[in-house]
Amino acid sequence: MHKLNTQSEWIARANEVLPAGGFGNFDPGVIIARGEGAHVWDEDGKEYIDYLIGSGPMLLGHGHPEVIEAVLQQLPNGMTFFANNSKGIELAEAIVAAVPCCEQVRFVASGGEADMYAMRLARAYTGHSKILKFEGGYHGMSAEAQMSLAPSKHVNFPQAIPDSAGIPQSVADQMLIAPFNDLEAVAALLAEHGDVAAIIVEPLQRIIPAEPGYLQGLRNLCDKHHVLLIFDEIVTGFRLAYGGAQERYGVTPDICTLGKIIGGGFPLAALGASAEIMQHFDKDCVGEGKWLMQMGTLSGNPIAATAGLKTMEVLRRDGTYDRLRTIGRHLQKMQSEALSGAGIAHQICGDDALFDIYFTDRPCRDYRTATHDEPQVNTRYNAALRQNGIFKAPGKLYPSLAVTQDDLAWTEDAVNAAVTAISAD
Ligand SMILES: Cc1ncc(COP(=O)(O)O)c(C=O)c1O
């Protein structure tokens, strides 16, 4: 009889064929065998409550029956065509109906790709070359995005530090790096540099909220200096609200990028803007010199579009976002109470729909201040949660709509055990 592989056997196999033993995304010491609802199981059969949810896409939970049904209906009709197809067109219509800044969208296969094109689009539209990005802001893996994402040393603003080998200095020279939540710094940079095409920002930077008036302040500065405002809504789109962070915070960017949820767990992302800006994807409208060449094998593929459309249909139902926020608040409260009860300095940072803990009393408002007093406390807390069946990234907790009351009770037990573990250290 065929013997099933254990997790340690899979890890050994991964170490042979994958650099650093993994896909580059997540702790390669766990191999996920399957997911259902708010739960995942590893290859040894250990069950976890999943607060990673594929790094965001699985907002409805794993294997939502209506999404599966829709995808199963589409599968025999074709998986990808490269050509226009009705599912992709319907998805574009649904995004345009939902997201304030989008009159038109262009599909790509990943969020990082969407961000790369958003920056290029801003350059084509304005004729300017520089991009202002915030230290610690995550926008995928393009050369521009890999500037001052996670710098290990602090340099003077606006100097850009590449996070990756293999990026030419010429890219760094086109980037201006600013601290998040500091409007004066942005105002000074825009006053000094006349050749800025865009500001790219995560409206919720990782889990750091924009302070009141900050996003509107960026909007005003962009208008004043004729710079485009790009909201990276890969994470926040259809999560903070159906219309994303721009709906929730009431600030409309010029361009936004979307991913994760709109592909329902399949490879699909998009960028969107007004028809006037998006016409740079149409050579007949803008002429060769101002045109963005853009194509991709899987762009608008009907399986991802079908999964995304069904996911969005479920999200539109009454009370969905209230329920997500209630689950998020419950998860925050149980952790805050347990940590406060044990006298452990901490703060919950983020939005009800996406957050995590910083183990410090200090205000966390940008990359340099959003840190733990003792990083090992966070590492140990997350390790203890994992041991007790909670699956999450060490810097983010994604609630999903599949989380039940039983799951919350399980999570609370795990939180209490993890707090006891770090208190005992
Ligand atoms: C804010 C943000 N932008 C862009 C990306 C990149 O998306 P992808 O991993 O689909 O390339 C991510 C991924 O987590 C993200 O969180």
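Residues numbered from 1 in each chain as written. Predicted model: local features only at pLDDT ≥ 70, side-chain atom pairs only at ≥ 80, totals over all residues. Heavy atoms only, no water.

Moving on, we come to the site of the ligand. Near the ligand you find 13 residues, and of these G111, G112, R206, D232 and K260 are the closest. Here an oxygen atom of the ligand and a backbone polar atom of G112 are 2.7 Å apart. Here a nitrogen atom of the ligand and a backbone polar atom of Y138 are 3.3 Å apart. Relative to its free-state accessible area of 390 Å², the ligand is covered by the protein chains to the extent of 79%. The leading source of residues in the shell around the ligand is helix α4 (residues 111-126), at three residues. Along the lines of polarity and charge, the residues of the shell around the ligand split into three nonpolar, five polar and five charged. (Near = heavy atom within 4 Å. Polar contact = N/O pair within 3.5 Å; in protein donor to acceptor, adjacent residues only side chain to side chain. Areas by Shrake-Rupley, 256 points an atom, 1.4 Å probe, with all protein chains shown as cover. Helix = DSSP H or I, 4+ residues; strand = E, 2+ residues; numbered from the N terminus. Nonpolar A, V, L, I, M, F, W, Y, C, P; charged D, E, K, R; others polar.)

Here the protein is partitioned into domain 1 (7-63 + 319-424) and domain 2 (65-315). Computed over C-alpha atoms only, the centres of domain 1 and domain 2 are separated by 26 Å. Listed per partner, the contact involves 31 residues of domain 1 and 35 residues of domain 2. Buried surface at the junction of domain 1 and domain 2, summed over both partners, amounts to about 2,800 Å²; 58% is from carbon and sulfur atoms. The shortest N-O distance in the salt bridge between D351 and R248 comes to 3.3 Å. Every element with two or more residues in the side of domain 1 that touches domain 2 is listed here: α12 (320-341), β13 (347-351) and β14 (354-358). Split by residue class, the side of domain 1 that touches domain 2 holds 18 nonpolar, six polar and seven charged. (Domains from an automatic or database assignment. Contact = heavy atoms within 4.5 Å. Buried area = accessible area lost by both parts, 1.4 Å probe. Salt bridge = Lys/Arg side-chain N within 4 Å of Asp/Glu carboxyl O.)

Right, let's talk about a nonpolar patch on the surface for a bit. A contiguous nonpolar patch, built from I68, L72, L75 and M79 and spanning about 370 Å² of accessible area, is present on the exposed surface. In this structure, M79 sits in the loop between α2 (65-74) and α3 (86-98). Exposure remark for M79: the relative accessible area of 54% places this residue in the exposed category. (Patch = residues over 30% accessible without salt bridge, like charges linked within 9 Å, V, L, I, M, F, W, Y side chains within 5 Å. Buried < 20%, exposed > 50% of the residue type's maximum accessible area, 1.4 Å probe, protein only.)

The next subject is the nonpolar core. Ranked by internal contacts, the top residues of the largest apolar core, which has 68 residues, are I95, L132, F134, V186, I199 and F238. When residues in this core are grouped by element, the largest group, eight residues, is from helix α11 (residues 302-315). Looking at which domains feed residues into this core, each of domain 1 (7-63 + 319-424) and domain 2 (65-315) gives three or more. Leave out the neighbours within four places in its chain, and I95 touches C102, V105, F107, L258, I262 and M312. Within the second largest apolar cluster, 30 residues are counted, among which are A118, A124, A197 and A198. (Core = buried A, V, L, I, M, F, W, Y, C linked by side-chain atoms within 4.5 Å.)

We now examine the pairing of β13. Inspection of the sheet shows β13 paired to β14 by five bridges, in the antiparallel sense. Bridge pairing in β14 links G350 to F355. The antiparallel hairpin formed by β13 and β14 contains two residues in its connecting segment. (Pairing = 2+ DSSP bridges.)

On to unusual backbone geometry. For the bond from F157 to P158, the omega torsion is 5 degrees, close enough to zero to count as cis. As for its placement among the helices and strands, P158 is situated in the loop between β5 (130-134) and α5 (169-172). Within the chain, A20 stands out as a residue other than glycine whose phi angle is a positive 60 degrees. By the element assignment, A20 lies in the loop between α1 (7-17) and β1 (32-36).

Note on placement: D351 falls in strand β13. Among the polar contacts listed, one links the side chain of D351 to the side chain of R248, at a separation of 3.3 Å. At 2.8 Å, the side chain of D351 forms a polar contact with the backbone nitrogen of A353.

Taken as a whole and assessed by the stated rule, the structure comprises 19 salt bridges. Here D254 and R219 are joined by a salt bridge, their closest N and O atoms 2.9 Å apart. Highlighted residues: D254 in the loop between α8 (244-249) and β11 (255-258) and R219 in helix α7 (residues 214-225), separated in sequence by 35 residues. Here D351 and R325 are joined by a salt bridge, their closest N and O atoms 3.0 Å apart. You can see D351 sitting in strand β13 and its partner R325 sitting in helix α12, a full 26 residues away along the chain. Classification of D351 as buried rests on a relative accessible area of 8%. Among the charged side chains, a salt-bridge network with shared partners connects R248, R325, R329, D351 and D352.

Here we come to the packing of aromatic side chains. Per the counting criterion, the structure on display carries seven aromatic pairs. Relative to Y214, the ring of F180 has its centre 5.2 Å away and its plane inclined at 75 degrees; by these criteria the two rings are edge-to-face. Taken together, the positions of F180 in the loop between β6 (175-178) and α6 (183-192) and Y214 in helix α7 put the pair 34 residues apart, joining distant regions of the chain. Classification of F180 by relative accessible area gives buried; the value is 0%. When its relative accessible area of 3% is taken as the criterion, Y214 is described as buried. Seen from their ring centres, F359 and Y381 are 5.4 Å apart, and the 70 degrees between their planes marks the pair as edge-to-face. A residue pair is termed long-range when its members are at least 10 positions apart, and F359 in the loop between β14 and α13 (375-387) and Y381 in helix α13 qualify at 22 residues. Just as F359 is buried, Y381 falls in that class too. Here a set of aromatic residues connected by ring pairs shows up, and it is made of F26, Y48 and F391. Directly above the ring of W291 sits K283, whose terminal nitrogen or CZ lies 4.6 Å from the centroid. (Phe/Tyr/Trp six-rings, centres within 6.5 Å; stacked < 30°, edge-to-face > 60°. Lys NZ or Arg CZ within 6 Å of the ring centre and 35° of its normal.)

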